[in-house]
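Each chain, letter by letter, is given below.
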Amino acid sequence: MVITPLYAGLLALWFVILGMRVIGQRRHHKVSLGDGGNTMLQRAIRGHANFSEYVPLALLLLGILELSRFPHYVLHGLGATLLAARLLHGYALSFTGHSRFGRVAGASLTFLVLIVAGVLCLYQAYPGII
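Model, not experiment: these values are computed from the prediction.

Participant: Break down the pattern of salt bridges for me, citing the residues and quoting the values.
Facilitator: Counted under the stated rule, the structure contains 1 salt bridge. Where arginine 46 meets glutamate 53, a salt bridge forms, and the shortest distance between an N and an O atom there is 3.1 Å. Arginine 46 sits in the partly exposed class, given a relative accessible area of 37%. A residue is classified by how much of its surface remains accessible, and glutamate 53, at 43% relative accessible area, is partly exposed.

Participant: An account of a nonpolar patch on the surface is needed here, citing residue identities and associated values.
Facilitator: Together, Leu6, Leu10 and Leu13 line one region of the surface with nonpolar side chains, adding up to about 260 Å² of accessible area. Note on placement: leucine 13 falls in helix 1 (residues 3-29). Relative accessible area serves as the criterion here: at 56%, leucine 13 is assigned to the exposed category.

Participant: Talk me through the packing of helix 3 (residues 72-95) against helix 4 (residues 100-129); I want residue IDs and the actual numbers.
Facilitator: Interhelical geometry of helix 3 versus helix 4 gives an angle of 150 degrees and a closest axis separation of 7 Å. In terms of orientation, helix 3 lies roughly antiparallel with respect to helix 4. When the axes of helix 3 and helix 4 are compared, the crossing they make is left-handed. Of the residues in helix 4, those touching helix 3 at Val74, Leu78, Thr81, Leu82, Ala85, Arg86, Leu88, His89, Ala92 and Leu93 are Phe101, Gly102, Arg103, Ala105, Gly106, Ala107, Leu109, Thr110, Val113, Val116, Ala117 and Leu120. Grouping the constituent residues of the contact of helix 3 with helix 4 by class yields 15 nonpolar, 5 polar and 2 charged.

Participant: Pulling in residues and values, what's your account of the nonpolar core?
Facilitator: Ranked by internal contacts, the top residues of the largest apolar core, which has 23 residues, are Leu11, Leu65 and Leu78. Among the elements that line this core, the one with the most residues is helix 2 (residues 39-67), at 7 residues. The residues touching leucine 65, leaving out its near neighbours within four places in the chain, are Phe70, Leu75, Leu78, Ala117, Leu120 and Cys121.

What counts, and at which threshold
Residues numbered from 1 in each chain as written. Predicted model: local features only at pLDDT ≥ 70, side-chain atom pairs only at ≥ 80, totals over all residues. Heavy atoms only, no water. Salt bridge = Lys/Arg side-chain N within 4 Å of Asp/Glu carboxyl O. Buried < 20%, exposed > 50% of the residue type's maximum accessible area, 1.4 Å probe, protein only. Patch = residues over 30% accessible without salt bridge, like charges linked within 9 Å, V, L, I, M, F, W, Y side chains within 5 Å. Areas by Shrake-Rupley, 256 points an atom, 1.4 Å probe, with all protein chains shown as cover. Helix = DSSP H or I, 4+ residues; strand = E, 2+ residues; numbered from the N terminus. Axes fitted to C-alpha atoms, helices over the stretch in contact; angles between N-to-C directions. Parallel < 35°, antiparallel > 145°, perpendicular 65-115°, else oblique. Left-handed = near helix turned anticlockwise from the far one by under 90°. Contact = heavy atoms within 4.5 Å. Nonpolar A, V, L, I, M, F, W, Y, C, P; charged D, E, K, R; others polar. Core = buried A, V, L, I, M, F, W, Y, C linked by side-chain atoms within 4.5 Å.

As structure tokens, then:
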């Protein structure tokens, strides 16, 4: 496997940046637990949490497809789309006060990756089912 680790590594670095954003916001607003009612801290926490809610499944599906020997262009298309989606969404949610475009585009692209990868996994499983 070489494609999934590439995107997993890049996404891991972005996940750390999102986590550091939460830590920075906590320090700045002097909140050790929860969000203290601060909107920017809430956004940073949700940006980090939302990433952790969607990316693991997407990477698992990508890894299954890579192990199933799907074409590299399909895998890179899914991986690059996922990376762009999470960068858009994470930046919009964690680093801005109200960027609707990034949130909507990022969430939509993430769902697109999950749907396409999920369907391709079902396609891969189909011969074994019948």
